[in-house]
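Okay, here's what each chain looks like letter by letter:
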Amino acid sequence: MIEVMGLRNSAMISSAFVILYQFLVCQFTNLYVYVFLQSLLLFNNMQMIIDAAILNLESEDGDYKKRTRLITRIMIPQSIGYALGPYCALQMIFFVTPSLEISQALCGFLALFTLLPVIWNYFPDNPNTNLSLTPDFSSYFEVLKSDYVKLYALLLMMVTGPYTAYDSLVRNSMASSAIRDPNHMHNLFLTLGLTTILVNTVLLPKLQSAISTKALLSGSFSVLGASYLYLAVFHDLIHLFIGMPVQVAAATICIGELSSQLMGAIGKRKAGTAASVLRMSQLAATLLVPFVHGTLTAHHDVVSLCLMSAVLSGAAVGAIRKFGSSMVFSSEYLPGFSGKYE
């Protein structure tokens, strides 16, 4: 859809299905209808579309540093949304109405009147009618022949999986007490949102201008591993306010840099494929790490999860030092510059 119908049409269709889900899911209590409605969320891929839009904006006329900053900038509204979403939902329950149906329908109305107009007015309309909507898996096999793409995808999994697993574990743990005192959860995740803002606006540009991508990724993975070790030892709320911002800062840099390298290695002409490979790497890691951890220990064992995550971060540092020579990246190697990409 992204490559054939363009960014705007793909985003409109994706949002329309999600909005339809928001309106309908609160109207039915039958299990089978609910399972059917869940299938609408197959179109909940706005992150992929945004990744493709970033590649469309910053490839031929940009470089990996600009792409990295755009990718990390996307994490700012995500982090703040993760904080404000549960907080606003609880305020709705306490002070407006306890009806979950009304809250769910309100999400649909808000998206209808805010999201769709923004997409229609600001997303580029770049369809390619010469291509077919029929899935072509050969492009994925072609892309994955590149050792660089496989390396970046693997490293992305090594940062995304542990980060997502720990984040979900902490959110689930704090959600049990959120109804009694929502401020702790809200303040923590708002702090994480502010951390991503500082990383994107202050820290990342200075680091990119001072050190190489290889050194930046090695250092970020090292800090990420150290944060997991800290969180494995200290579990009180005050220590979460210390350890998790450091973890988020390091993970933000790693994800942004690796995503930029991966998309640049694939190129703008295959923007949909690049966004898909990027998304598949993240989803695979999100599923794999909790599965592996859950088969070895109890799901609530934060210590073993943090230790496992620290080991993966250390392995990533070793992989970058051994195979990361390709991470000296320049915009001249992107499509459109004298054919050097070929």
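About the cut-offs
- Residues numbered from 1 in each chain as written.
- Predicted model: local features only at pLDDT ≥ 70, side-chain atom pairs only at ≥ 80, totals over all residues.
- Heavy atoms only, no water.
- Helix = DSSP H or I, 4+ residues; strand = E, 2+ residues; numbered from the N terminus.
- Contact = heavy atoms within 4.5 Å.
- Areas by Shrake-Rupley, 256 points an atom, 1.4 Å probe, with all protein chains shown as cover.
- UniProt positions renumbered as here; feature names shortened; annotations may be inferred.
- Buried < 20%, exposed > 50% of the residue type's maximum accessible area, 1.4 Å probe, protein only.
- Expected span 1.5 Å × (residues − 1).
- Arc of directions from axis to C-beta.
- Axes fitted to C-alpha atoms, helices over the stretch in contact; angles between N-to-C directions.
- Parallel < 35°, antiparallel > 145°, perpendicular 65-115°, else oblique.
- Left-handed = near helix turned anticlockwise from the far one by under 90°.
- Nonpolar A, V, L, I, M, F, W, Y, C, P; charged D, E, K, R; others polar.
- 1 Å grid on protein atoms, 1.4 Å probe; cavity = no way out; pocket = protein on both sides within 12 Å on 5 of 7 lines; lining within 4 Å.
- Points joined across faces, edges and corners; volume = space filled by probe spheres on them.
- Phe/Tyr/Trp six-rings, centres within 6.5 Å; stacked < 30°, edge-to-face > 60°.
- Core = buried A, V, L, I, M, F, W, Y, C linked by side-chain atoms within 4.5 Å.

Trainee: Hey, could you run me through the overall build of the protein in this one?
Mentor: Assigned secondary structure in the protein consists of 13 helices and zero strands. Along the chain direction, N to C, the helices and strands of the protein fall in the order α-α-α-α-α-α-α-α-α-α-α-α-α. Taking as baseline every contact in the protein between residues at least 6 positions apart, the subset at least 24 positions apart corresponds to 80%. Roughly 17,400 Å² of accessible area belongs to the protein as shown, and the carbon and sulfur atoms make up 67% of that amount.

Trainee: Mind showing me how you'd approach the UniProt feature "transmembrane region" (unreviewed entry) in the protein here?
Mentor: According to UniProt, the "transmembrane region" (unreviewed entry) feature falls on residues 12-37, 74-96, 102-123, 148-165, 185-203 and 215-231. What you have in residues 148-165 is 100% helix and 0% strand, and the ends, taken at the C-alpha atoms, are 26 Å apart. Taken end to end, residues 185-203 is 100% helix and 0% strand, and its first and last C-alpha atoms sit 25 Å apart.

Trainee: Looking at this model, I keep getting lost on the side chain of Ser-15. Mind explaining?
Mentor: The residue Ser-15 is located in helix H2 (residues 7-25) in this model. Accessibility expressed as a relative area gives 3% for Ser-15, which makes it buried. The residues contacting Ser-15, other than those within four sequence positions of it, are Met-46, Leu-115, Leu-116 and Ile-119.

Trainee: Hey, could you run me through H2 in this one?
Mentor: Owing to its 3.6 residues per turn, the α-helix aligns residues three or four sequence positions apart on the same side. Compared with an ideal rise of 1.5 Å per residue, which puts 19 residues at 27 Å, H2 spans 27 Å between its outermost C-alpha atoms and is within 8% of the ideal. Every buried residue belonging to H2 is among Leu-7, Arg-8, Ser-10, Ala-11, Ser-14, Ser-15, Val-18, Ile-19, Tyr-21, Gln-22 and Val-25, and all of these are buried. Burial along H2 is one-sided: seen end-on, the buried residues are contained in an arc of 165°. Next to the buried residues of H2 lie helix H1 (2-5), helix H3 (31-38), helix H4 (46-57) and helix H6 (100-122).

Trainee: Where do I start with the packing of helix H10 (residues 213-233) against helix H13 (residues 302-323) in this structure?
Mentor: What describes two packed helices is the angle between their axes and the distance between those same axes. At their nearest, the axes of H10 and H13 sit 8 Å apart, and the two run at 165° to each other. Taken as axis vectors, H10 and H13 run roughly antiparallel relative to one another. Both H10 and H13 take part in a crossing whose hand is left-handed. Contacts from Lys-214, Leu-217, Ser-218, Phe-221, Ser-222, Leu-224, Gly-225, Tyr-228, Leu-229, Leu-231 and Ala-232 of H10 reach H13 at Val-303, Cys-306, Leu-307, Ser-309, Ala-310, Ser-313, Ala-316, Val-317, Ile-320 and Arg-321.

Trainee: It is not clear to me how the packing of H10 against helix H11 (residues 237-266) should be interpreted in this structure. Could you clarify?
Mentor: Relative to each other, H10 and H11 sit at 150°, their axes nearing to 9 Å. Taken together, the axes of H10 and H11 lie roughly antiparallel to each other. The crossing of H10 and H11 is left-handed. Grouping the constituent residues of the contact of H10 with H11 by class yields 17 nonpolar, seven polar and one charged.

Trainee: Looking at this structure, how should I read the layout of surface pockets?
Mentor: To find leftover empty space, one rolls a probe the size of a water molecule over the atoms. Looking at the second largest pocket, its volume works out to about 910 Å³. Lining the second largest pocket are 28 residues, with Met-1, Ile-2, Met-48, Tyr-140 and Gly-272 sitting closest to its centre. Within the residue set of the lining of the second largest pocket, elements represented by two or more residues are H1, H2, H4, helix H7 (138-143) and helix H12 (271-296). Tallied by class, residues from the lining of the second largest pocket come to 13 nonpolar, ten polar and five charged.

Trainee: How should the environment of Ser-103 be read in this particular structure?
Mentor: Position of Ser-103 among the secondary structure elements: in helix H6. Classification of Ser-103 as buried rests on a relative accessible area of 18%. Sequence separation between Ser-103 and Ile-93 is ten residues, and the spatial gap between their C-alpha atoms is 8.3 Å.

Trainee: Whenever I open this one, the packing of aromatic side chains confuses me. Can you help?
Mentor: Given two aromatic rings, their pairing is described by the distance between the two centres and the angle made by the two planes. This model, assessed by the stated rule, comprises four aromatic pairs. With a centroid separation of 4.9 Å and 75° between ring planes, the pair formed by Phe-23 and Phe-109 is classed as edge-to-face. Of this pair, Phe-23 sits in helix H2 while Phe-109 sits in helix H6; the two residues are 86 residues apart in sequence, bridging distant segments of the chain. You can call Phe-23 partly exposed: its relative accessible area is 23%. A ring pair is formed by Tyr-166 and Tyr-228, whose centres lie 6.5 Å apart and whose planes are at 75°; its orientation type is edge-to-face.

Trainee: Would you explain the nonpolar core in this entry?
Mentor: Taken as a class, soluble globular proteins show a tendency for nonpolar side chains to be buried jointly. In this structure, Leu-155, Val-159, Tyr-166, Phe-221, Met-244 and Leu-262 are the most contacted members of the largest nonpolar core, which totals 49 residues. Mapped by element, the contributors of at least two residues to this core are H4, helix H5 (64-95), helix H8 (147-178), helix H9 (182-210), H10, H11, H12 and H13. Filtering out sequence-adjacent residues up to four positions away, Tyr-166 remains in contact with Tyr-228, Leu-231, Leu-240, Met-244, Gln-247, Val-302, Leu-305 and Cys-306. In terms of nonpolar packing, the next biggest core, distinct from the first, is built from eleven residues, Leu-7, Met-46, Ala-53 and Phe-123 among them.

Trainee: In this structure, what is going on with the environment of Gly-161? I would like to understand it.
Mentor: If you trace the backbone, Gly-161 turns up in helix H8. Distance from Gly-161 to Leu-312, taken between C-alpha atoms, is 9.6 Å for residues 151 residues apart in sequence.

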